[in-house]
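# Understanding the architecture of this molecule
One-letter residues, chain by chain:
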Amino acid sequence: MSTEQLMRAVELLVNQVGHWTPERWRDRGEPVHRLVQSFADQSADLASTPRRPVPRLSDLALPDQLRVVTADLIAAGPTPAQTAAAAADLAALRTLLT
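Figured I'd write up the structure that's included with this text. (Residues numbered from 1 in each chain as written. Predicted model: local features only at pLDDT ≥ 70, side-chain atom pairs only at ≥ 80, totals over all residues. Heavy atoms only, no water.)

### Section: the overall build of the chain
- From N to C terminus, the chain includes 5 helices and 0 strands.
- For a compact globule of 98 residues, the expected C-alpha radius of gyration is about 13 Å, and the chain comes in at 13 Å, within 12% of that figure.
- Principal-axis analysis of the C-alpha atoms gives the chain an extent of 40 × 25 × 15 Å.
- When the 98 residues of the chain are sorted by exposure, 38% land in the buried category.
- In the chain, 80% of the contacts between residues at least 6 apart in sequence involve partners at least 24 apart.
- For the chain, the computed accessible surface area is about 5,500 Å², with 57% contributed by carbon and sulfur atoms. (Helix = DSSP H or I, 4+ residues; strand = E, 2+ residues; numbered from the N terminus. Rg over C-alpha atoms; globule rule 2.2 N^0.38 Å. Buried < 20%, exposed > 50% of the residue type's maximum accessible area, 1.4 Å probe, protein only. Contact = heavy atoms within 4.5 Å. Areas by Shrake-Rupley, 256 points an atom, 1.4 Å probe, with all protein chains shown as cover.)

Spelled out as structure tokens, the structure:
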């Protein structure tokens, strides 16, 4: 899987949840934040920098946070296997949120 395909997978998820109201987010934000943190951790590991917690701003901010940490992950140069694993995590999350 290419990094362009990974970004496309992110956009699919963002399009799925980006218009949600706070009521719709109820009980659904935690798995998205876990994925955001996972991508941030992977990016830090690839860049040999310390891992840092991603702040939980609000559920409504999660789509933008996901875009940012995915861009960071791609900039860190993941292997094709890491890119495919990240895309699989996104697909599983999309299914969970359906």
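Still to come is the rest of the account.
### So, the side chain of aspartate 41
- Its location among the elements puts aspartate 41 in helix α3 (residues 29-47).
- With residues near it in sequence (within four places) discarded, aspartate 41 still touches Arg51 and Arg52.

### Considerations on the pattern of salt bridges
- Here the structure, examined in full by the defined rule, presents 6 salt bridges.
- Residue aspartate 41 is joined to arginine 51 by a salt bridge in which the shortest nitrogen-to-oxygen separation is 3.7 Å. Placement of aspartate 41 in helix α3 and of arginine 51 in the loop between α3 and α4 (62-75) is noted, with a sequence separation of 10 residues between them.
- Note that arginine 56 and aspartate 59 form a salt bridge whose closest N and O atoms lie 2.3 Å from each other.
- In the salt-bridge network here, residues are joined through shared partners; they are Glu11, Asp64 and Arg67. (Salt bridge = Lys/Arg side-chain N within 4 Å of Asp/Glu carboxyl O.)

### Observations regarding the packing of aromatic side chains
- Under the criterion given, the structure shown has 1 aromatic pair.
- Ring centres 5.0 Å apart and planes at 65° place the aromatic pair tryptophan 20 and tryptophan 25 in the edge-to-face group.
- Of the residues examined, tryptophan 20 reaches a relative accessible area of 4% and is grouped as buried.
- The ring centre of tryptophan 20 lies 5.0 Å from the NZ or CZ of arginine 28, which sits over that ring. (Phe/Tyr/Trp six-rings, centres within 6.5 Å; stacked < 30°, edge-to-face > 60°. Lys NZ or Arg CZ within 6 Å of the ring centre and 35° of its normal.)

### Some details on the side chain of threonine 83
- Topologically, threonine 83 is positioned in helix α5 (residues 80-97).
- Overall, threonine 83 belongs to the buried group, its relative accessible area being 2%.
- For threonine 83, the residues in contact, after removing those within four places along its chain, are Met1, Ser2, Thr3, Leu6 and Pro78.

### Quick notes on the packing of helix α1 (residues 3-17) against α4
- Two elements in contact, α1 and α4, have axes whose closest approach is 10 Å; the angle formed by their N-to-C orientations is 175°. Comparing their axes, α4 and α1 come out roughly antiparallel. Taken together, the residues of α4 that come into contact with α1 (itself represented by Thr3, Leu6, Met7, Val10, Glu11, Leu13, Val14 and Val17) are Pro63, Leu66, Arg67, Thr70, Ala71, Leu73 and Ile74.
- For the contact of α1 with α4, a count of residues per class yields 11 nonpolar, 2 polar and 2 charged. (Axes fitted to C-alpha atoms, helices over the stretch in contact; angles between N-to-C directions. Parallel < 35°, antiparallel > 145°, perpendicular 65-115°, else oblique. Nonpolar A, V, L, I, M, F, W, Y, C, P; charged D, E, K, R; others polar.)

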